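Fold and geometry: a report
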Amino acid sequence: MDASPSPSPLLELRAVGKRYGAGGTAVEVLDGVDLVLESGASLAILGPSGCGKSTLLNCIGTLDRPTSGEVLLEGADWQRLSPREIARLRARRIGFVFQLHHLLPQCTVLENILLPTLADPASPPGPEAAERAGRLLERVGLSARKNHRPGELSGGERQRAAVVRALINRPALLLADEPTGSLDAASAESLGDLLAELNREEGVALVVATHSPELARRMARTGRLHEGRLRVS
Amino acid sequence: MTAFRYLLRSLFFYRRTHLGVCVGALLAAAILTGSLGVGDSVRFSLRRLALERLGAVSAALVPSGGGFFRERLAGEIAAHAGGQAAPILLLRGTAARPDGSSLCRDVQIVGVDARFWRLWGGADLLEGATASEAAVNDRLAERLGGNPGEPFVVRVEEPSLLSRDAPLSGNAGGSVALRLRARAVVDAARGGRFSLRASQVPPLTVFLPLEGLQKEIHQPGRANGLLLGGVEAEAANAALRAAWQLADLNLEVRPLAAQGLEDARSELHSGQIFLDSALAAAAREAVPGARGALTYLANEIRLGEKAAPYSLVTAAEEGGAVPALGQGEIALNAWLAEDLGARMGDSVVFKYYTVGNDRRLQEKAARFTVRAILPMERLDASWMPPFPGLAGVGNCRDWNPGIPMDLSRIRPKDEAYWKTYRGAPKAFVGLRAGQAIWGNRFGALTSLRFSDEAGGVEKVLRERIDPVRAGLAFQPVRAQALRAGEGAQDFGGLFLGFSFFLIAAALLLMAMLFVFSREQRAEEAGLLLALGFEPQRVRRWALAEGGLAAALGALAGAAAGALYARLALHGLATIWRGAAPYGEFRYHAEPLTLALGAGIGFAAAMLALAWAARGEGKRPAAELLARGAERERPLSARAGRWNAGAGVLGLAAACAVLAGGGRSAEAFFGAGALLLAAGIAGSAAFLARLAQREGGARGLAAIGVRGAARHPGRSLATIAVLASGVFLTIATGAFRQDPLAHAPERGSGTGGFAWFARTTLPVYEPPPDADGVPLRVWEGDDASCLNLNRAQTPGFLGVRPEALAERRAFRFLESAPGLAREDGWRLLAAPQPGGAVPAIGDEATVRWGLGLAAGDVFSCPDGRGGTFPVRIVGVLPASVLEGNLVISEQEFLRRFPGEAGWRAFLLEASVERGAGAAWLEGAQGRGMERVPASRRLGDFLAVENSYLAIFQALGGLGLLLGSAGLAVVVGRNVAERRGEFALMQALGFAPGALRRLVLCEHAVLVALGVGIGALSAAVAILPSVEAEGNGLSWMGPLGTALALAGCALAWSGLAARMSLRGPLLEALRGE
């Protein structure tokens, strides 16, 4: 996939559907979701637990395959790509922040942040990546903790480190699935601020799945997922 | 950040979980390296033993006919070929303390001089020794006991150039007794292990001064062995061809009186009386015009009422004054014609003895018509060969030619004849006619006569006769010894095979632990996938991480292999001594072996890890990332149906294999593997059914049983390990054989005989027919399983086939293609393609000792220096005949004419009574060692049983490891479900009830594993049970299976108790 600016929107969902199971017990989680998101835009997806927010993010982020519809990233439906191309797309263009930080306990914060650079052969060379990691860590206030292990960090610090890890390869799209879900109020607010600022500073489009109205308010647009359909306001 | 850094970080961080992989690889590499190390050590030790027994000897000459050559030949060969040459006298005898205690049989008596000791780089241990001084090797010193300086008596058969089986060979069985005192005990480094036989069993040896021994056995200046150091056999034989004399083949060309009857100037005769047929033919070819003669002793020559006793008669070809005589025609000398009053045309009858194969004399008669009467003037005694007991005897009354003689029949005129004419023949018959009645396996001529002078004839014969082909050949004994050691029973392979299950169990456990560790890190794999790592790369990293742990384990395992090898060698020297009798093994491992063990161990571990990691990266990242993702993947109903089908197919295939393959090892293992596979597939179907069962389970036990289906992979791996272990343990246990089980039966390995006896010196009278079967013995390499070396030339036993056939002794396993097994011993008389000699041997000798099968043809050296083809026509199960091939006595005597008498006996219990007892008494004096046949069979079976014991012990260790795996599975299952158990506790279930639940769940696996293993073993060994009768034992293996089941259950219980310890409710909070 070409990383150069394209006339197509960064992300376009066309009638995306996702069904689990078959026959009478089948559950329609997503039902004809349409969405257009431009580069640098931000969107919060709200909805109750189990409404399909994570499923939608996984379908956008190539982690899960929709049952129907198209997911176009920079004009191309990733479903038509080979597994290798999908992996490369994820490495280069998409960043993830999960509800749980998923930092590797065996690596330091800096090593965790640099881990995605190993996934992409086209990643900047080691020193350059380390420099960017350093800048980002400073930006999120973790430069003093870069050689610490995740176990030595607070929940908020871990999640900030996870955000930096998601940004290290300069993705065009950052997907955050309940990023504040496991944080206390102060840490959640701080992380919300950070995501909003990074969205502006890094020019990365941001889709956040959350049921936190506070976090949603920091995004440019808000979408509500209800009975499988997304209504964006 | 680099991939390598990530790997190192992970390796260190998860070091505890990697420990399992490390230990698994360590065990695999240690067992592999150790097993190969055992092989290296055995080979190294056998090589060391071979070099110890041969010192610097590279080639050796031992005349194949058992003859003697000039001692001086040694110096002459050394002068031609260089190197060190040592002539020796090599005899067989017994040694005992004078009071008869400590009787040692099969002692080699070696006459040596300083040249012998130099081959071991030492000083002459017998320098200046008196006639009563000797040196003994350490083993004999130990066997004789007492103070080495105490006197002992050596009894050795006085060698005769003429076979004791030959007619007119004198009185058989003469032996020389030497009262000696050992002045030195010779250890291995100084030549104490000297032997020309490829065996790890050190000989019992007495060393005597060569010259003294030559005198004692009346062979001055002669030797019957020549050891050569620093010269290869080929060069030695070339030197031999240049240096040899006719005397080295016991031949002599002597001048004849010019006025002899035949006008011959010279005569070739042999110290062995009868000229070997091949040598005679070569001599005839070398000197054209030679005329053959065969002189024999007639018991009586009779014309009507007149008879002349004990007269020499010569069968000769026409020449000079010897007339041409046709069949049935005779020429009498004038003295005999006058004595009998015979005239031309009269018919005379003479009687003579022939010797049957059983050395029994038969008096026969032949009728001839007088065609000529020869004058006495030109008759001389040169026609008579030097018959022992006749030649050189002054009076007829002192004759002792080894046949019954009624000396009272000798008349004064006979004495007068002997005094005047000595051995001049009283009559001549045609050569062909004479050979037809007196020819024997030792030859059909007593001399060849030439018109040329002796000097010229001798020169021509030396040039034209090849001594090497005539049986005077150097053998490359050093190369043969090293080859025998190299081709020895591969203990490395053996231990590798025996340890296979242990290795498999270690690897399976390792793979299981690896899977568990990967399951624990499922989120990490999900994260890597989400970050854009390709699934293959995630798998590669997982594998590389495990690989690093495995590499560390394999390296440590290579070092630990030395310990395993030392333990195994210690086992072979102690509890498994039966597997390698007299094996003195020293640990030795080649660097390549260590590298190979570590490499193969690592590769095997990597294969197991690759198998375990095959699913890594295949599950979607989202699923892996979701905390608490369902790890349980029970088998579907469809998988259950497939497995049920596979189980039925496996069962059918196993039945087919058993029906077709009978009791072969291939059928046993093939059917066993199929049955196990069918059982495991059936278990999978059962687990699928459990998983799909609808409706609530009643009671804790039912819930527990259903739990076994939650992790079918783990459950099936546990079942597979237990089933395989139980199968091997039961099957090997059941195959242990009891030599006493059927010993009295004719069809057993004892042949139904009560005793097996061997004598050091040949016995010339067979036991009474009803009391036993005598066997002639050609000593070759011991091809039994007691010899660790690969037999280069097997030994042969000669037997009258009918003696065994009439008794229906022994049972036949198989016969050569095209021959009927039911013909049994009569197969030995069946003509074979290409004139091959039919031979029968037992399975251990044929298959393992010689690497042959029924129907195979191979070439063997004969007793004349040539070779002959042998075909294996029948194979017996384990028997007292192990170590040798059995051929018919007739063929034996044809191929080994020099072997006289019998040296092995299958004896009935009745031999201790009546005529048998008298025979036994006589045989005792020939160094007889008589052991119960069942004990001899037991010695052989001990080897097989020891192998089975090793297999069982190592298999048992594997099973222990397998049951440890079960404990790990229990622990893991409980740890994963602590939340579930916590909930149950919260609902009011007592801790004991939870333990019972866990135990029930895993008891299903134990029951399935042990049951499948036991049933598979029982079915697979069924054909052997039918074939062996009831030689196989059942109770022990059954007990073992039950003990194993108990052990596995105990492991489960312990693991459940330990895993359910601690406050479970914390787990509930974690949920």
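What follows concerns the overall build of chain A. A tally of helices and strands in chain A yields seven helices and ten strands. For 233 residues, the compact-globule estimate of 2.2 N^0.38 gives 17 Å, and the C-alpha radius of gyration of chain A, at 17 Å, lies within 12% of that figure. Within chain A, the proportion of its 233 residues that are buried is 50%. Sequence-distant contacts, at least 24 apart, represent 72% of the contacts inside chain A between residues at least 6 apart.

Looking only at helices and strands, chain B features 33 helices and 30 strands. With 1071 residues in all, chain B has 54% of them scored as buried. By sequence separation, contacts in chain B at least 24 residues apart represent 84% of the contacts at least 6 residues apart.

On to the pairing of strand S9 (residues 221-226) of chain A. All names here are of chain A. Where strand S3 (residues 42-46) lies against S9, four bridges are found, and the strand directions are parallel. Bridge pairing links Leu 46 to Arg 224 in S9. Between S9 and strand S10 (residues 229-232), which pair antiparallel one after the other, the connecting turn spans two residues, and Glu 227 there sits at a positive phi close to 50 degrees.

For the rest of this paragraph, the subject is the environment of Arg 16 of chain B. Relative to the elements of secondary structure, Arg 16 of chain B occurs in helix H2 (residues 15-54). Separated by 727 residues in the primary sequence, Arg 16 of chain B and Ala 743 of chain B have C-alpha atoms spaced 58 Å apart.

Attention now moves to the sheet that holds strand S7 (residues 173-177) of chain A. Residues and elements named next belong to chain A. Taken in spatial order, the six strands of this open sheet run S6-S7-S8-S3-S9-S10, and their pairing is mixed. Where the open sheet ends on each side, the last strands, each with one partner, are strand S6 (94-97) and S10. In this sheet, adjacent strand axes meet at a mean angle of 20 degrees when their direction is disregarded. Note: S3 against strand S8 (residues 205-209), four bridges, orientation parallel. Its bridge partner lying in S8, Ser 42 is registered against Leu 206.

An order of S2-S1-S4-S5 (chain A) is seen for the four strands of this open sheet, with the pairing classed as antiparallel. At either end of the open sheet lies a strand with only one pairing partner, and these are strand S2 (27-37) and strand S5 (76-77) of chain A.

It is worth spelling out helix H4 (residues 126-139) of chain A at this point. Residues and elements named next belong to chain A. If you check H4, its first and last C-alpha atoms are 20 Å apart, about what 14 residues at 1.5 Å a residue would give, namely 20 Å. Those residues of H4 that sit buried are Ala 133, Leu 136 and Leu 137. In an axial view of H4, the angular spread of the buried residues amounts to 100 degrees, which keeps them on one side of the axis. Across H4 from its buried face, at more than 90 degrees, point the exposed residues Pro 127, Glu 128, Glu 131 and Arg 135. Residues of H4 that are buried sit in contact with helix H3 (109-119) and helix H5 (155-167). Two residues or fewer after H4 comes Gly 141, characterised by a positive phi angle close to 80 degrees.

Attention now moves to the nonpolar core. Residues and elements named next belong to chain B. Membership of the largest hydrophobic core comes to 428 residues, with the highest contact counts inside it found for Ala 25, Ala 28, Ile 77, Leu 228, Leu 507, Met 510 and Ala 605. Ranked by the residues each element gives to this core, the list is headed by helix H28 (residues 933-976), at 19 residues. For Ile 77, the contacting residues outside a window of four places in its chain are Ala 85, Leu 228, Ala 236, Ala 239, Leu 240 and Ala 243.

Residue and element names in this part refer to chain A. For helix H6 (residues 185-202), spanning 18 residues, the distance from its first C-alpha to its last is 25 Å, which sits close to the expected 26 Å at 1.5 Å a residue. Here H6 has its buried residues at Ala 188, Leu 191, Gly 192, Leu 194, Leu 195, Leu 198 and Asn 199. What you see down the axis of H6 is that its buried residues fit within an arc of 165 degrees, all on one side. Seen from the open side of H6, the exposed residues pointing more than 90 degrees away from its buried face are Ala 185, Ala 186, Asp 193, Arg 200 and Glu 201.

With that settled, the discussion passes to the interface of chain A and chain B. One widely used convention gives an interface's size as the accessible area the parts lose upon coming together. Between chain A and chain B, the contact holds 25 residues from the first and 21 residues from the second. Put simply, the parts of the chain that give the side of chain A that touches chain B at least two residues each are helix H2 (83-93) and H3 of chain A. Examining the composition of the side of chain A that touches chain B, we find that seven residues originate from one element, H3 of chain A, more than from any other. Broken down by class, the residue content of the side of chain A that touches chain B amounts to 15 nonpolar, four polar and six charged.

Another point: the confidence of the model for chain B. Looking at chain B, the pLDDT average stands at 85 and 93% of residues meet or exceed 70. If you check the scores for this complex, the pTM reads 0.73 and the ipTM reads 0.89.

All names here are of chain A. Running from N to C, H5 and H6 cross one another at 15 degrees; their axes reach a closest spacing of 10 Å. Between H5 and H6, the interaxial angle falls into the category roughly parallel. For the crossing formed where H5 meets H6, the hand is right-handed. Taken together, the residues of H6 that come into contact with H5 (itself represented by Gly 155, Gly 156, Gln 159, Arg 160, Val 163 and Leu 167) are Ser 187, Ser 190, Leu 191, Leu 194, Leu 195, Leu 198 and Glu 202. Split into classes, the residues belonging to the contact of H5 with H6 amount to six nonpolar, five polar and two charged.

Take unusual backbone geometry next. Residues and elements named next belong to chain B. In this structure, Asp 106 takes a positive phi of about 55 degrees despite not being glycine. As for its placement among the helices and strands, Asp 106 is situated in strand S4 (residues 104-112). Its identity is not glycine, yet Ile 273 carries a phi of approximately 70 degrees, on the positive side. Relative to the helices and strands, Ile 273 is located in the loop between strand S12 (266-270) and helix H8 (277-286).

Turning our eyes to something else, we now look at the environment of Ala 595 of chain B. Relative to the helices and strands, Ala 595 of chain B resides in helix H18 (residues 591-612). With 41 residues separating them along the chain, Ala 595 of chain B and Ala 554 of chain B place their C-alpha atoms 9.8 Å apart.

Here we take up the packing of H2 of chain B against helix H14 (residues 491-498) of chain B. All names here are of chain B. Running from amino to carboxyl end, H2 crosses H14 at an angle of 155 degrees, the nearest separation of the two axes being 7 Å. Relative to H14, H2 is oriented roughly antiparallel. The element H2 and its partner H14 pack so that their crossing is right-handed. Taken together, the residues of H14 that come into contact with H2 (itself represented by Leu 32, Ser 35, Leu 36, Val 38, Gly 39, Asp 40 and Val 42) are Phe 491, Gly 492, Gly 493, Phe 495 and Leu 496. Its residues assigned to classes, the contact of H2 with H14 comprises seven nonpolar, four polar and one charged.

Another aspect to go through is the confidence of the model for chain A. Here chain A averages 88 in pLDDT, and 97% of its residues register 70 or above. Per-element averaging of pLDDT across chain A places H6 of chain A at the bottom with 85 and strand S4 (residues 68-73) of chain A at the top with 94.

To continue, consider the environment of Arg 218 of chain A. All names here are of chain A. For Arg 218, the position within the fold is in the loop between helix H7 (213-217) and S9. C-beta crowding within 10 Å serves as the criterion here: with 20 such atoms nearby, Arg 218 is assigned to the buried category. Taking C-alpha positions, Arg 218 is 6.3 Å from Ala 196, a pair spaced 22 residues apart along the chain. Leave out the neighbours within four places in its chain, and Arg 218 touches Gly 192 and Ala 196.

How each quantity is defined
Residues numbered from 1 in each chain as written. Chains lettered and ligands numbered in written order. Predicted model: local features only at pLDDT ≥ 70, side-chain atom pairs only at ≥ 80, totals over all residues. Helix = DSSP H or I, 4+ residues; strand = E, 2+ residues; numbered from the N terminus. Rg over C-alpha atoms; globule rule 2.2 N^0.38 Å. Buried ≥ 20, exposed ≤ 12 C-beta atoms within 10 Å, placed from the backbone. Contact = placed C-beta atoms within 7 Å. Pairing = 2+ DSSP bridges. Axes fitted to C-alpha atoms, helices over the stretch in contact; angles between N-to-C directions. Expected span 1.5 Å × (residues − 1). Arc of directions from axis to C-beta. Core = buried A, V, L, I, M, F, W, Y, C linked by C-beta atoms within 7 Å. Nonpolar A, V, L, I, M, F, W, Y, C, P; charged D, E, K, R; others polar. pLDDT = per-residue confidence, 0-100. Parallel < 35°, antiparallel > 145°, perpendicular 65-115°, else oblique. Left-handed = near helix turned anticlockwise from the far one by under 90°.

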